[in-house]
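Understanding the architecture of this molecule
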Amino acid sequence: MKFSQMFRVLVLVGLVALSVAGPINVELGSEWELFKTTYNKNYAQEEELLRRIIWEKNLNYVQQHNIEADRGAHSFWLGMNEYADMTSDEFVGTMNGYRVNATKTFQCGKFLPPSHVKLSDLPVTVDWRKEGYVTGVKNQGQCGSCWAFSSTGSLEGQHFKKTGQLVSLSEQNLVDCSRSEGNDGCQGGLMEQAFDYIIENKGIDTEESYPYTAKDGVCKFKQADIGASEVSCMEIEHGSESDLKIAVAMVGPISVGIDASRLSFQLYKNGVYMESACSSANLDHGVLAVGYGQAGCIEYWLVKNSWGTSWGMQGYVMMARNKDNMCGIATQASFPTV
C-alpha cells in the first residue's frame, strides 16, 4: 500500500476512533506540543488530529504497561519516542523490512563452533562496543532498510577485527545496488543477500563517500571508495542460541532477524525485552547482536537497532536470552568473513 493510500485509511480510522472515544484530552496539550518540538514533527492540518489520537492512545498504553512493570509484571519498560505518533501496523509496514526469501540459495557456509569450545568456557558478559567493533547508532528513517544496517554493522565489526580500523559503511550502497541479489531497497531485503552482493561486488563503499538518504536511488557505487570487503559469509544453526552465543563471543557482532511487530517493541525504552506474543518464525526486522549478559536473574542479548537514539536504550535493546528463542533472535543469524 502506498503512503497516500495508507494515510487515507488512517484518517478514516482516526475519525472513527474520535466518534467512539470522544474528544482529545486537552490537558495533554502542552505535552503534545513538546513531543512535536522534540522530534521536529510538522503535520498538515488534517493529519495532526489523527496523529494526536494515535499519540494519546500510545501514551495510555505506555503508562499502563509501566504501571504493571513497576509491579513486577514485566521485565521491561516503555517510553514515548519519535515513533509514538504511528500505529503499530503503520510502523511495521514502514520500518520493518526484513523479507525472507525461501527459494534463494546463498553463498554463506555453515558456522561450525570449534569442537573444543564449551559454553561454560565463554565469557559471562560480552559487549563488542567496548572493544571498538561497533559504530554509532544509525537511523534508517521511514525506509524498510533494516537489513542493510544489520549487514553493514556485522561487516564493520569484522573489518575492525582484521584491520584495527572502524569504518562506517554505506547502507545506501546496498539499498541502491543489491537488487539483482534479491533485495528491494526501502521495500525490504535480507542480510545474506547483502553479503552476497558485497562478495560479488568485491566491496562496499564507505558511509562518507555514499551517504544515506532513506529512499531508493540509482546505484552510485565507486570502486575507489570501497571501505571494506568480504570473501564469504556464514550462517549459524537455525534456532540455536548456544551456537549464536559462541559466535557472538568468538566472532564479533552478528546479523540477526527478529519479530519486531509488537507495539511493545516500537515503544521499548529499557529493561530486558520479553514478549509472549513474539514469534520465533515470523521475522520482520534485521538488527545486530553485539553482545550478551545478565540483568538480575534474566539473561539477555545486547542488540543494536537502526531506529536512532531516541528509541530504546540510546538505540539498543536487551532481548531475553535462553527463553525459547525469544522473538526468533537465533532463527536466522549470519555474519561475513573477511
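Residues numbered from 1 in each chain as written. Predicted model: local features only at pLDDT ≥ 70, side-chain atom pairs only at ≥ 80, totals over all residues. Heavy atoms only, no water.

Take the overall build of the protein next. Across its full length, the protein holds nine helices and twelve strands. Dimensions of the protein along its principal axes, counting C-alpha atoms only, are 65 × 50 × 35 Å. Looking at the protein residue by residue over its 338 residues, the buried ones come to 55%. The long-range share in the protein, meaning contacts at least 24 apart out of those at least 6 apart in sequence, stands at 76%. Accessible surface computed for the protein: about 15,000 Å², of which carbon and sulfur atoms make up 53%. For the protein, the distance from the average site of its 28 positive side-chain charges to the average site of its 39 negative ones is 1 Å. (Helix = DSSP H or I, 4+ residues; strand = E, 2+ residues; numbered from the N terminus. Buried < 20%, exposed > 50% of the residue type's maximum accessible area, 1.4 Å probe, protein only. Contact = heavy atoms within 4.5 Å. Areas by Shrake-Rupley, 256 points an atom, 1.4 Å probe, with all protein chains shown as cover. Lys, Arg positive; Asp, Glu negative; His and termini not counted. Charge placed at Lys NZ, Arg CZ, Asp CG, Glu CD.)

On to the UniProt feature "domain: Peptidase C1A papain C-terminal" (unreviewed entry) in the protein. Under the UniProt annotation, the feature "domain: Peptidase C1A papain C-terminal" (unreviewed entry) is placed at residues 122-337. The distance from the first to the last C-alpha atom of residues 122-337 is 21 Å, and the span holds 23% helix and 23% strand. (UniProt positions renumbered as here; feature names shortened; annotations may be inferred.)

According to the stated counting rule, one finds 21 aromatic pairs in the structure shown. Where Tyr268 meets Trp311, the ring centres are 5.4 Å apart and the plane angle is 40°; that geometry is what we call tilted. Linking Tyr268 in strand E8 (residues 268-273) with Trp311 in the loop between strand E10 (298-304) and strand E11 (316-320), this pair joins segments that are 43 residues apart in sequence. One exposure class covers both Tyr268 and Trp311, and it is buried. Among the aromatic residues, ring-to-ring pairing joins Phe76, Tyr83, Phe91, Phe265, Tyr268, Tyr273, Trp307 and Trp311 into one connected group. The ring of Tyr316 is capped by Arg129, whose NZ or CZ atom sits 4.4 Å from the centre of that ring. In this structure, Arg321 packs its charged tip against the face of Trp301, placed 5.6 Å from the ring centre. (Phe/Tyr/Trp six-rings, centres within 6.5 Å; stacked < 30°, edge-to-face > 60°. Lys NZ or Arg CZ within 6 Å of the ring centre and 35° of its normal.)

With that settled, the discussion passes to the packing of helix H5 (residues 146-163) against helix H7 (residues 191-201). It is at 8 Å that the axes of H5 and H7 come closest, and there the two elements cross at 60°. In terms of orientation, H5 and H7 fall into the oblique class. Pair H5 / H7 crosses with right-handed handedness. Judged by residue contacts, Trp147, Ser150, Ser151, Ser154 and Leu155 of H5 engage Met191, Ala194, Phe195 and Ile198 from H7. (Axes fitted to C-alpha atoms, helices over the stretch in contact; angles between N-to-C directions. Parallel < 35°, antiparallel > 145°, perpendicular 65-115°, else oblique. Left-handed = near helix turned anticlockwise from the far one by under 90°.)

The subject of this paragraph is the pattern of salt bridges. Across all of its chains, the model carries 13 salt bridges by this definition. In this structure, the salt-bridge partner of Arg129 is Asp127, at a minimum N-O distance of 2.8 Å. Taking relative accessible area as the criterion, Asp127 reaches 14% and is therefore assigned buried. With a shortest N-O distance of 2.9 Å, Lys138 and Glu156 are connected by a salt bridge. You can see Lys138 sitting in the loop between strand E3 (126-127) and H5 and its partner Glu156 sitting in helix H5, a full 18 residues away along the chain. One continuous salt-bridge network, built from bridges that share partners, spans Lys138, Glu156, Glu171 and Glu207. (Salt bridge = Lys/Arg side-chain N within 4 Å of Asp/Glu carboxyl O.)

This next bit is on the state of the cysteines. Taken as a whole and assessed by the stated rule, the structure comprises four disulfides. Paired by a disulfide, Cys108 and Cys233 hold their sulfur atoms 2.0 Å apart. Its torsion about the S-S bond being -100°, the disulfide of Cys108 and Cys233 is classed as left-handed. With a gap of 125 residues between them, Cys108 in the loop between helix H4 (88-95) and strand E2 (109-110) and Cys233 in strand E6 (residues 232-235) connect regions that are remote in the sequence. On the basis of relative accessibility, which here comes to 0%, the residue Cys233 falls in the buried class. At a sulfur-sulfur separation of 2.0 Å, the disulfide partner of Cys143 is Cys186. Its S-S torsion of about -95° marks the bond between Cys143 and Cys186 as left-handed, since a negative value means left-handed. Taken together, the positions of Cys143 in the loop between E3 and H5 and Cys186 in the loop between helix H6 (171-177) and H7 put the pair 43 residues apart, joining distant regions of the chain. Assigning the bonded cysteines of the protein consecutive numbers by sequence position, one obtains the connectivity 1-6, 2-4, 3-5, 7-8. With no disulfide of its own, Cys146 has Cys143 as its nearest cysteine by sulfur position, at a separation of 9.0 Å. (Disulfide = S-S within 2.5 Å.)

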